[in-house]
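Geometric and topological summary
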Amino acid sequence: MASDLPETVLFDLDGTLVDNFEAIHRCYDDVMSMMGLPSVTLEQIRRAVGGSVNVTVVKLAGEANAPTATRLFREHFPSVMFHGLRVYPGCAEILQALRARGVRTAVYTNKDEENSQKIMAHLGLAHHFDGIFGTNVHPWRKPQKEFSHYVVGKLQADPRRTVMVGDSPFDIETARNGQFAAVHCVTTGSHTAEELAPYRPDSVHAGLAELQRDIFGL
């Protein structure tokens, strides 16, 4: 099985490697309160995230309020981003197993890049990655093919030997647009297996441990 391993595995962050939903919820709820808008539930946050702050803000606060809400979220999030933060079971194990066999690994997320790097460092996981790629340091976001080209270029990776691991339709579309070899999903984040099925991922798993065993054979 090891000979069939991909050259590079790109992991989405929120909902795939880590559960940061409590902090995201707290930040959005604080912002909505600052703006005199209705509070949001944790479930609303789970359903809304994935397309970057700009996309989520429009869903929660509306188009007219989006510019102010986006600015407030970006200002406030660093002060709450470790609130309730945890890694999903199997996170460290799959990263260690892949890297032990020479597979290149990276974070590929629509989260702010600096915050993503700080979260991985805080969790003691940063050393497992060849790169941590997020937004706000270039003009793109998933699922734009330009973002994928940027990431594989930085890693000097072959997209045809690159696999995407994520939890949402954004990740599936990202893999297709980037012409990656495959896209595998976990249901720990924002979508169920039934919700992901119409987007035709190559596989869907309950979590990272199952993915490690069933797809990578590690």
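It should be noted that the structure appears before, not after, this text.
Residues numbered from 1 in each chain as written. Predicted model: local features only at pLDDT ≥ 70, side-chain atom pairs only at ≥ 80, totals over all residues. Heavy atoms only, no water.

Section: the nonpolar core
With 48 residues, the main nonpolar core has F11, L17, Y28 and M120 as its most contacted residues. Tallying contributions element by element places helix α1 (residues 21-34) first for this core, with seven residues. If we ignore the near neighbours within four places in the chain, the residues touching L17 are F11, D12, V87, Y88, C91, V107, F129 and L208. If you look at the next biggest cluster of nonpolar residues, it comprises 16 residues, including A106, Y108, F147 and M164. (Core = buried A, V, L, I, M, F, W, Y, C linked by side-chain atoms within 4.5 Å. Buried < 20%, exposed > 50% of the residue type's maximum accessible area, 1.4 Å probe, protein only. Helix = DSSP H or I, 4+ residues; strand = E, 2+ residues; numbered from the N terminus. Contact = heavy atoms within 4.5 Å.)

Considerations on the environment of K118
Looking at the secondary structure, you find K118 in helix α6 (residues 113-122). A relative accessible area of 38% means that K118 is categorised as partly exposed. On a C-alpha basis, the gap between K118 and P89 in space is 20 Å, while along the polypeptide they are 29 residues apart. Each residue touching K118, except ones within four places of it in the same chain, is listed here: M81 and F82.

Observations regarding the sheet that holds strand β7 (residues 182-186)
Strand order in the open sheet formed by six strands is β5-β4-β1-β6-β7-β8, and the pairing between neighbours is parallel. Where the open sheet ends on each side, the last strands, each with one partner, are β5 (131-135) and β8 (203-205). Sheet twist, expressed as the average angle between the axes of neighbouring strands with direction ignored, equals 20°. One ladder, built from four bridges, connects strand β6 (residues 162-166) with β7; its direction is parallel. Bridging across to β7, G166 finds its partner in C185. Packing of helix α7 (residues 145-155) onto the sheet brings it into contact with β1 (8-11), β4 (104-112), β5 and β6, and relative to β5 it is tilted by some 155°. (Pairing = 2+ DSSP bridges. Axes fitted to C-alpha atoms, helices over the stretch in contact; angles between N-to-C directions.)

All we've got here are geometric facts, nothing functional implied.
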